[in-house]
Amino acid sequence: MSFKNVIVVGGGLAGLIASIRLVRSGIACTLIEKKNYPFHRVCGEYISNETLPFLKRESLFSETLSPPAINQFQLSSVNGKSTKLSLDSGGFGISRFTLDNFLYQKALHEGVNVIVEQEVESVFFLDDEDMFTVKTPRQEFSASLVIGAFGKRSRMDNTLKRGFIQKRSPYVGVKYHIRTNHPDNLIGLHNFNGGYCGISNIEDGKTNLCYLVQRKQVKRFKGIRDMEETVLFQNPFLKSIFHSADFLFDNPETINEISFETKEPVLNHILMAGDAAGMIAPLCGNGMAMAIHTGKIVSDLIVQAVAESRSRAWLEAAYADRWTSTFAGRLRTGRLIQNYLFGSAWSSRVAVNLAVHSSWLAKQIIKKTHGLPF
Ligand SMILES: Cc1cc2nc3c(=O)[nH]c(=O)nc-3n(C[C@H](O)[C@H](O)[C@H](O)COP(=O)(O)OP(=O)(O)OC[C@H]3O[C@@H](n4cnc5c(N)ncnc54)[C@H](O)[C@@H]3O)c2cc1C
């Protein structure tokens, strides 16, 4: 079957990577993004090095971005007991503001038809015509394939009546950019009651401070600042970072209702990529790598399907299989770690003790939440 044109819904890492690779292979691609670049997102902005060979090979990474290289991991419990581990594969730090904008410019340059500031409100597959209709409030499009790369939570999830969206999710994410004296090669993960906070450097001498917190914890206070002072500051590392830093945003970036429920990699014939297919717990530091990797896998399989005249059924089955074998185990491990080793005085003490007494085991756990270089 010939898939003549593809629409990608959502221009985060998964959508941008998939669309660039499709046009490079001669497949017409339109990407629809509801915001306009550049913009900030809630994200820890630490990218696992497993992505580097791919990004460099495909000129999707520019050395001029010069992100700090990160190879040390510091973990602290709610009460501030801490330990450090070296990271076997490590990663680098770069803001989404910069990275996504870099990829957006690349996408334009390579010939992706990027439509910004339009939110897709529905995607229908028309069986008779074997085609999709994609609607925004202003325009209607036809496509032979649709990639859903609309992130962790989107109005598309409502339209598609996905199971996870019916349930309330207990997590809220908060992000700041700050200036502080944080070593370039270190990523810190500091626990507090009801959540955990990551801290690592990004480009231009800035530092990302990003945390995940249970909504019930936030609701106990008048505002975020109150909660930070009462709850996060119980951890001496966080208190010291907050006190010594210059905060670069007027207000933090926040996101509500973050869900780690299982999702479908293919739904209503839409191939889901990145967080739209499944979101890994942020403490694993692997969501961006997974988004990039799904962008690669979905575009590889579409190109293969076109070259070998494969059917839609073949493509959907092949993608669901590849997605499950590559990512499902990682997501399960991430959920277990987040539920049992983080976010309370007791569990975070267990996590730190585990890392102190068996760095081998701690490294095995980290390994299970990451993939191999691709
Ligand atoms: C608190 C927190 C910390 C994190 N820290 C890290 C970290 O340090 N390292 C890491 O690797 N990962 C981290 N992650 C995970 C990481 O941010 C995600 O896994 C990654 O951004 C997923 O990329 P994506 O392309 O799937 O989605 P996104 O980057 O979310 O992109 C989706 C895009 O779709 C657009 N969109 C949505 N709906 C529509 C629509 N209907 N029409 C048009 N456009 C639409 C959105 O505007 C958005 O631009 C963290 C996540 C959280 C919540």
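To keep things clear, this report deals only with the structure shown in the data block. Here the structure is a predicted model, which means the values were calculated and not measured.

### Describing the environment of isoleucine 337
Okay, so step 1: With respect to the secondary-structure elements, isoleucine 337 resides in helix α10 (residues 312-341).
Okay, so step 2: Residues isoleucine 337 and alanine 69 lie 268 residues apart in sequence; the distance between their C-alpha atoms is 25 Å.
Okay, so step 3: If we ignore the near neighbours within four places in the chain, the residues touching isoleucine 337 are Ala281, Leu283, Phe342, Ile365 and Thr369.

### Points about the sheet that holds strand β7 (residues 122-126)
Okay, so step 1: If you walk across this open sheet you meet the three strands as β7-β8-β9, and the pairing is antiparallel. The strands lining the two open edges of the sheet, one partner per strand, are β7 and β9 (140-143). Shown here is a sheet whose adjacent strand axes are inclined to one another by a mean of 20°, direction ignored.
Okay, so step 2: By the bridge criterion, four bridges tie strand β8 (residues 131-135) to β9 in an arrangement that is antiparallel. Residue pairing in the sheet places valine 134 in a bridge with phenylalanine 141 of β9.

### So, helix α9 (residues 287-307)
Since there are 3.6 residues in each turn of an α-helix, residues three or four apart along the chain are aligned in direction.
Okay, so step 1: With 21 residues, α9 should cover 30 Å at 1.5 Å per step; its first-to-last C-alpha distance of 30 Å lies within 8% of that length.
Okay, so step 2: α9 sits mainly inside the fold: 17 of its 21 residues count as buried.
Okay, so step 3: Downstream of α9 by a residue or two, serine 309 has a phi angle that is positive, lying close to 50°.

### So, the sheet that holds strand β2 (residues 28-33)
Okay, so step 1: The strand order across the open sheet formed by six strands is β6-β2-β1-β10-β18-β17, and the pairing between neighbours is mixed. Looking at the sheet topology across the chains shown, the edges are occupied by β6 (113-116) and β17 (266-267).
Okay, so step 2: Pairing analysis gives two bridges linking strand β10 (residues 145-148) to strand β18 (residues 270-272), with the strands arranged parallel. The residue bridging isoleucine 147 from the neighbouring strand is leucine 271, located in β18.

### So, the site of the ligand
Okay, so step 1: Close to the ligand lie 43 residues, the nearest being Gly10, Gly12, Gly44, Gly274 and Gly287.
Okay, so step 2: Counting only elements with at least two residues in the shell around the ligand, the list comes to α1 (13-24), β2, β3 (46-48), α4 (155-159), β14 (207-214) and α9.
Okay, so step 3: With four residues, α9 is the largest single contributor of residues to the shell around the ligand.
Okay, so step 4: Each residue belonging to the shell around the ligand can be placed in one class, and the counts come to 21 nonpolar, 13 polar and nine charged.

Definitions and cut-offs
Residues numbered from 1 in each chain as written. Predicted model: local features only at pLDDT ≥ 70, side-chain atom pairs only at ≥ 80, totals over all residues. Helix = DSSP H or I, 4+ residues; strand = E, 2+ residues; numbered from the N terminus. Contact = placed C-beta atoms within 7 Å. Pairing = 2+ DSSP bridges. Axes fitted to C-alpha atoms, helices over the stretch in contact; angles between N-to-C directions. Expected span 1.5 Å × (residues − 1). Buried ≥ 20, exposed ≤ 12 C-beta atoms within 10 Å, placed from the backbone. Near = placed C-beta within 6 Å. Nonpolar A, V, L, I, M, F, W, Y, C, P; charged D, E, K, R; others polar.

Purely geometric numbers; function is a separate question.
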